[in-house]
Amino acid sequence: MILNELTLLFSLYSKERVKQKFEKILDFTRDAKNIVEKAKIDLNNGTRYYDMAKEAYDNLARQANALYNPIHYMNRSVISVEKEIPKIEDDRLPEAHRHADNLTEKAQNLDNIFKETQGISENALKAVNAYLDIENAIEEAYVAAQQSKEFIDNATSFYDNLNTEIADAIASSNNASQAATNTSQYVELQLKPQLSEAVVKSRKIRSLHEKNKEDLEHIEDFIKKYPVMSYEDLLLEAIKTTEKANQTTDKTVQALGNNYNEVPTQTAEAKQLPKKVDETNRHVLQVEKQLEIIKDKLPKILNDLSSFPMTGRPGRSEDLDERIKKLKQQISLARDIANRIKVGVRFYKNTTLELRNPDNLEQLSTSTKISGYFRTNNTFGLLIYLGNANGTGLRRTKTDDYMALEIENGYPVLTLDIGNGQERILNNKFVADGNWYQFIIERTGLNAKLTIREEIAGGRIKETVGESGLQAPYIIFNLDKNLSKLFVGGYPSEFNMQSTVKQEAFDGEMEEIVVGDTPVSLWNFNSGFENHRGARERNKLVNLSPPTGCRFSGTGFVVIDARRYAHKIRNNIQLNFKTFASEGLLFLYGNATTYIALEIRDGKVLFKYNLGYGTKVFQTVNTYNDGEWHHIEAKRESAEGRLNVDAEEIRGDGAAIQGNALGYSDYFYFGGYVKMHNYSDVTNKGFDGCIDKVDAGNPINLNHNHKAYGIIPGCPVKFARLVSFVKTEPGYIKLDNIHVRNDITMALKFKTNTNNGLIFYLTDKNQASGISLSLVNGKLKLISQRHELVSKEGNFNDSQWHVVSITHNSQVLRLDFDDYEAITTDSAPPSLDILYGNLYIGGIPSNFIAKQGHIASSESFVGCIADATLNGSIINFANSTEKVGDILGTCVLDAKAAPDFDEVPELPPPPELGSFTTLGPQYPTDWGHLDIHPSRGDLGGPHAPSPVKPIISTPPTEPETTRFEEHETTAPTILPEFVTELTSTTTVTVPTTVPTPPPSVVTPRILPKPVTTPAPPPTPEPEPSCALPMHPTPHDEVAGPFYFGTKRFSRIEYDHARGKFRKQFKFSFDIKTNDTSGIIFFTSDKQLDNFIILYMENGYLIYKVRSSKDAGHSLQSADKFNDGEWHNVVLLHNQSMQLVVDDNLQTESKTKAIGKLEVDELFMLGGVREDSQYGLETDVNNVHSFKGCIKNFYMNNKPMEKPRKFDVQPCPENVEEGNFFNSGHLILKPRYTVGEEIDIKMDIKPRNVTGLLLTVHGKRDYLVLEMVHGGIKFTVENGKGPITTTFSPERTHYLCDGHWHTIQAFKSKNIVGLSVDNKIMPSVVGDYRSKSTDTGGALFLGSHRVINKVRGITARVPFLGCIRNIRINNEPIIIMQSMRRGEVTVGQCPTN
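Computed from a predicted structure; not experimentally measured.

Caption draft 1: Examining the overall build of the protein more closely. Looking only at helices and strands, the protein features eight helices and 79 strands. Looking at the protein as a whole, 47% of its 1392 residues are labelled buried. Contacts in the protein between residues at least 24 apart in sequence constitute 73% of all its contacts with a sequence separation of at least 6.

See below:
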């Protein structure tokens, strides 16, 4: 009884206290609100006053800046003009008259001399003529001086008022000068002793030099012993010697250590470094020469070794090629490291230096750029020479082209000859004053420019430009990597230099030579004399913010020490990138069982990680290979992740994975991998583009790396000068607003292996005028205003680069090719005038019909086009207004593969980090502000779990269930304030996976932090009465069927054989297609000497087997099998070869089958890799992927397992023609203007009642066609308000009944109309004052790139279902794979 009363009193007392506290809180809240309101008023007033003050201050600053230059100029003018006026009036004018008379007499004498020495006195004549103008110039100066005097008198008073301010400025300048003097004394007193200390440190390098010398003597002894030693021992000894030389090189670089980065303060040590590098270079060169000698004798060596008994040294001869390859790769890597040495060279009058030609040398043929830094006090000198000695005689050339930059009388002069005779470009900047300058040589086509950059007061950069047009017609700078020479600062006397190059040497300093966009180190040289003295690093034109990123070549990589970054449980990778490439590896970290990766594939960004049991994938819908900068932020916390691209959040694939932590590894890899990694679902293709601003928890400077190859520091601007087109996806590039006034010069280079194709077509909108270049039966055919020029030769389809130049003007129509031959018309061609024309490159649109007689071939070009210029302007293919099927930045005919270097060396073990588990169920976290209690510390080893703290929870209640995609989580309800601790375990149900992870341990549950960014609304589930399900019936992920041909190298790979197959085998599969050609099955060795292939050609099946010891056999089926039906195909190889289709023997070899096939254990279904394609072209006519379905792949009657899929899609059993949209969209036109009229038709078969069908937007106007709650809505905005018409069926699910429905929507000025299944809706009339729909954005079908943000749309979900027969303005739209974005199946539509 007493207890109850006490409880009641306590309860009442508690309620009263709570009530009082609430009242206090309300009072505080009201006070705080009043304070906030007052603060807002004060803040607004303060902001207004601040803006007013800032505006007044800015006006005052602008006025002060505007007065500075006039005052300064006036001050100088007052003094100089006042002094000069009396002299001009009294003395100089009569003297000038007399001098002019004398000059006139001398001019007459010089004119007589000129007639006799006309060939050598051009400059003298110009000088005489210039003096003849002096009299007139002085008269004009006299008048100007009189006028200036009046102005000066008026300005004198104003000038006097400013004297005080000028005096203050002079005092400030004196103070700055004194500070500079103090700094100079600090350098002399403080830094000079450090230089002396660096000299002492250099003794270690001197000892390394002695070791290098011993290595060189060892190589010489090896050469002397060459006739005595056997071929095999000789080769092995050369390999060992080379390895020692490489080790010595590595030791040298390591010995430099931090001293290398402190070159400006340790110049004494740097002076010794060049000598050591010189020695190392000589070692490498000698080894390369030995390798060439051995390579010539390698066939005999192999023959000799093959005759030796196998018991002696088994496998040694088979390993020789691999070892030589490894040696060359190591030399290539050493060269790349040497190229990044930025130490300059001190040149003397007897210095000669020949640098090693960069790999990109021959790419400079039509567009050349060379730059470097220099300083000198000498008024004459040779800075750089690139070209061919007299008498070199390169193939298919008539001249020995060259380019030389000299200093004459203190002024830079560029001399060049590319086949049109000597030409000179003078720059008017005097450079022989001991200051640092940068020269930049640029040539594109017939335009050349010489720029001199200097740093002036205030750290500003000033450029002085000399520019000139070059003589026609030749435009190719013929260079050869092996025969052309690159000299810097001087050349040897034995070189047969052109007589027009007057200077022989350079006295001064140079550094940082760049050829194209490739740095060429002054220490990576072929030969030199007196070139071993380093230069003190320049103190001008210095980038005070050195780059943290770099450009990757597509075959390169950067390796970063990862040990100081925490990445086991959580990752936060951020980086910026830009590229034109469609595929490439951005980032990779992992070990044998776990990894995390970022990559580009099909232009999309993919974020992947695998923690031991399944892969989590985040993939963007949009593409980002547009050559612009994009920002990626990829986060992982245990098994949960997030991906943001350009601040847009990307959802994952929804699949739950197991695991908790990444395994340990030493390195991060950026832009590529050192060798081929073994993560099957991560690309091995190197990144071609720029990466910068990398952060993995701490900022990462990619240029401060552990190892790198194929990179350029910073990110030089890269135009899309190169475009490729492939046969399987014909395309073109369109550029508009081209103006030509009967004077056109166009140049480009191309490479192809096909006979016919349109290279370019330039015409106006009505095709009244036009000029085109085509390939017809391997010959070039130029047509301009129906006048034709045809090359005599017909081998322009030889897969080699060819350069063409076209000239059309009032005198001639001319076609030059390869600077070797030219053809012209006999008479002047008709006038070619084009206004607002269109230039098509590589082909024309399918709905565009060229006027008869304007083009020689309507076939699309297949191959590569590069370095195109129009009237001297470079064409940037990335700036095209319309493009289809283009591949920017790479040539598909170039077999470009990354070097297969050894793994980077092991580092010392890192310090121990915290213990984490890779096992157990995972949950979303709040990204690191809550701690995770580790339960195991061995990444899965047998350790007992760590104890878990007691957890506070709410009283028992009914458990709540939250559904996450494919698993359910059941947990007690937790109060938000207690999210850090729990009292009970959490159970997760996950679908069974293989392998099954070990039993999970107790893991604390951490509730997710609320996400503030709104997620896009999910696609609504279809109504029960829709005839078709939202998603087609799933198919077997192992057996198929799979649909191939969506991309160029679509295929499935298997690397596990099911039984023996090198002597006898049986392969079988089911195929279905309507196409006529494509590869169905392929396996081979690396060299393609042994292979098995089945492909279709003209509907027939062709089965080929070849070995290195036998030319092989080929079988062709008797019937065609491209009838759209399933067929079972069996390939047999035992006593004979047999091809069996549908249990019927189609054909059998008449001879005995080939013996043992040395093929690799890699089997490709439906297509081949890119590197295999080019090797098969001689054996197979059509090497593209199979376009159709394949299922039930068996080997020796056993099903093939563990498929690795590349660009394949499910192939439903029941399909029909159409395009299936599943959260993706098509871009029908990159830019589209609706204008006053449009007529849209399409057939649809939806699986939902709501979805966006078609849309295009402008800055203000738009057009939208969409499904809304079972009806059709058509909206047009002309600028005066939306005009809308709708179709509302009687039944909500009328349109999703499983049948095709025809939609027609039209707009004529301010009237819109709609028809569904021939049921015409009433037209709607809008405001008559606005009739045109001024759009200019992309024309989207099925969805929109930013469907949640774009205006005018009611259906904020993508269309789900099939669309076919799209016509716009009665013109059919041909759907191509390049239009696809996201989950869209082009060409096939499931019916189940």
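Additional details are given in the paragraphs that follow.
Caption draft 2: How the structure looks around the sheet that holds strand S30 (residues 732–741). Pairing in this open sheet of seven strands is antiparallel, and the strands run S35-S34-S33-S32-S39-S30-S42 from one edge to the other. A strand with exactly one partner marks an edge of an open sheet, and here the two such strands are strand S35 (787–790) and strand S42 (882–884). Taken over all neighbouring pairs, the strand axes of this sheet differ in orientation by 20 degrees on average, direction set aside. Of the strand pairs in this sheet, S30 and strand S39 (residues 833–841) are connected by six bridges, and their pairing is antiparallel. Residue pairing in the sheet places Leu735 in a bridge with Leu839 of S39.

Caption draft 3: Up close: unusual backbone geometry. Phi at Gln767 takes a positive value of approximately 55 degrees, unusual for a residue other than glycine. Tracing the backbone shows Gln767 in the loop between strand S32 (757–763) and strand S33 (770–776). What makes Gln767 buried here is its relative accessible area of 10%. Phi at Ser1223 takes a positive value of approximately 80 degrees, unusual for a residue other than glycine. Its place among the elements puts Ser1223 in the loop between strand S63 (1219–1222) and strand S64 (1225–1229). The exposure class of Ser1223 is partly exposed, given its relative accessible area of 40%.

Caption draft 4: How the structure looks around the environment of Ser846. Tracing the sequence through the fold places Ser846 in the loop between S39 and strand S40 (863–870). Residue Ser846 is classed as exposed on the basis of its relative accessible area of 59%.

Caption draft 5: Representation of the state of the cysteines within the structure. Taken as a whole and assessed by the stated rule, the structure comprises three disulfides. Through a disulfide, Cys864 is tied to Cys891; the S-S separation comes to 2.0 Å. Measuring the twist about the S-S bond at about 85 degrees, one finds the Cys864-Cys891 disulfide to be right-handed. Of this pair, Cys864 sits in strand S40 while Cys891 sits in the loop between strand S43 (887–888) and strand S44 (960–964), and the two are 27 residues apart along the sequence. The disulfide partner of Cys1026 is Cys1296, and the gap between their sulfur atoms is 2.2 Å. Measuring the twist about the S-S bond at about -80 degrees, one finds the Cys1026-Cys1296 disulfide to be left-handed. Taken as a pair, Cys1026 in the loop between strand S46 (987–989) and strand S47 (1042–1044) and Cys1296 in the loop between strand S69 (1282–1287) and strand S70 (1301–1308) lie far apart in primary sequence, 270 residues in all. There is no split in this pair, since Cys1026 and Cys1296 are both buried.

Caption draft 6: Region of interest: the nonpolar core. One finds Leu1228, Met1242, Leu1265, Ile1272 and Leu1314 to be the most contacted residues of the largest nonpolar core, which totals 48 residues. Ile1272 has contacts with Leu1253, Leu1265, Glu1266, Met1267, Thr1285, Thr1286, Phe1287, Leu1295, Ile1303, Leu1314 and Val1316, leaving out every residue within four places of it along the chain.

Caption draft 7: Local environment of the sheet that holds S69. Ordered in space as S69-S68-S67-S66-S74-S64-S77, the seven strands form an open sheet in which the pairing is antiparallel. Two strands in the sheet have a free side with no partner beyond their single neighbour: S69 and strand S77 (1380–1381). Looking at chain direction, S64 and strand S74 (residues 1339–1341) are connected through three bridges and run antiparallel. Looking across to S74, one finds that Leu1226 is bridged to Leu1341.

Caption draft 8: Main features of the packing of aromatic side chains. As enumerated under the stated definition, the model contains 40 aromatic pairs in all. Between Phe1287 and Tyr1294, the ring centres sit 6.3 Å apart and the planes meet at 55 degrees, which makes this aromatic pair tilted. Tyr1294 matches Phe1287 in its accessibility class, with the two residues each being buried. One aromatic cluster in this structure is built from Tyr1054, Phe1061, Phe1065, Phe1067, Phe1069, Phe1081, Phe1163 and Phe1193. Between Arg538 and the ring centre of Tyr373, over which it is positioned, the NZ or CZ distance is 3.6 Å.

Caption draft 9: Here's a closer look at the pattern of salt bridges. By the definition in use, this model includes 28 salt bridges. When the shortest N-O distance is used, the salt bridge between Arg424 and Glu408 registers 2.9 Å. In this pair, Arg424 sits in strand S7 (residues 423–426) while Glu408 sits in strand S5 (residues 402–408), placing the two residues 16 residues apart along the sequence. A relative accessible area of 40% places Arg424 in the partly exposed class. The exposure class of Glu408 is buried, given its relative accessible area of 17%. Glu633 is paired through a salt bridge with Lys635; the nearest N and O atoms lie 3.6 Å apart. A cluster of three or more residues bridged by salt bridges with shared partners is formed by Arg1051, Glu1053, Asp1055, Arg1169 and Arg1204.

Caption draft 10: Expanded view of the side chain of Thr825. In this structure, Thr825 sits in the loop between strand S38 (821–824) and S39. Overall, the relative accessible area of 15% leaves Thr825 in the buried class. Of the polar contacts made by the side chain of Thr825, one reaches the backbone oxygen of Ser827; its length is 2.8 Å. Those residues in contact with Thr825 that lie beyond four places of it in its chain are Leu789, Val812 and Leu813.

Caption draft 11: Seen up close, the environment of Ser774. Mapped onto the elements, Ser774 comes out in strand S33. On the basis of relative accessible area, Ser774 is assigned to the buried category, the value being 0%. The spacing of Ser774 and Asn756 is 18 residues in sequence and 7.3 Å in space, taken between C-alpha atoms. Among all residues touching Ser774, those that are not within four sequence positions of it are Gly757, Leu758, Ile759, Lys779, Leu780, Lys781, Ala856 and Ser857.

Caption draft 12: Structural context of a negative patch on the surface. Where like charges cluster on the molecular surface, the negative patch consists of Asp626, Glu628, Asp646 and Glu648. With respect to the element layout, Asp626 can be found in the loop between strand S21 (615–619) and strand S22 (630–637).

Caption draft 13: Up close: the pairing of S21. Pairing analysis gives five bridges linking strand S20 (residues 604–610) to S21, with the strands arranged antiparallel. In the strand pairing of S21, Phe607 is matched with Phe618. Connecting S20 to the antiparallel partner S21 that follows it, the hairpin turn spans four residues, and Gly612 within it adopts a positive phi of roughly 115 degrees.

About the thresholds
Residues numbered from 1 in each chain as written. Predicted model: local features only at pLDDT ≥ 70, side-chain atom pairs only at ≥ 80, totals over all residues. Heavy atoms only, no water. Helix = DSSP H or I, 4+ residues; strand = E, 2+ residues; numbered from the N terminus. Buried < 20%, exposed > 50% of the residue type's maximum accessible area, 1.4 Å probe, protein only. Contact = heavy atoms within 4.5 Å. Pairing = 2+ DSSP bridges. Axes fitted to C-alpha atoms, helices over the stretch in contact; angles between N-to-C directions. Disulfide = S-S within 2.5 Å. Core = buried A, V, L, I, M, F, W, Y, C linked by side-chain atoms within 4.5 Å. Phe/Tyr/Trp six-rings, centres within 6.5 Å; stacked < 30°, edge-to-face > 60°. Lys NZ or Arg CZ within 6 Å of the ring centre and 35° of its normal. Salt bridge = Lys/Arg side-chain N within 4 Å of Asp/Glu carboxyl O. Polar contact = N/O pair within 3.5 Å; in protein donor to acceptor, adjacent residues only side chain to side chain. Patch = residues over 30% accessible without salt bridge, like charges linked within 9 Å, V, L, I, M, F, W, Y side chains within 5 Å. Areas by Shrake-Rupley, 256 points an atom, 1.4 Å probe, with all protein chains shown as cover. Lys, Arg positive; Asp, Glu negative; His and termini not counted. Charge placed at Lys NZ, Arg CZ, Asp CG, Glu CD.

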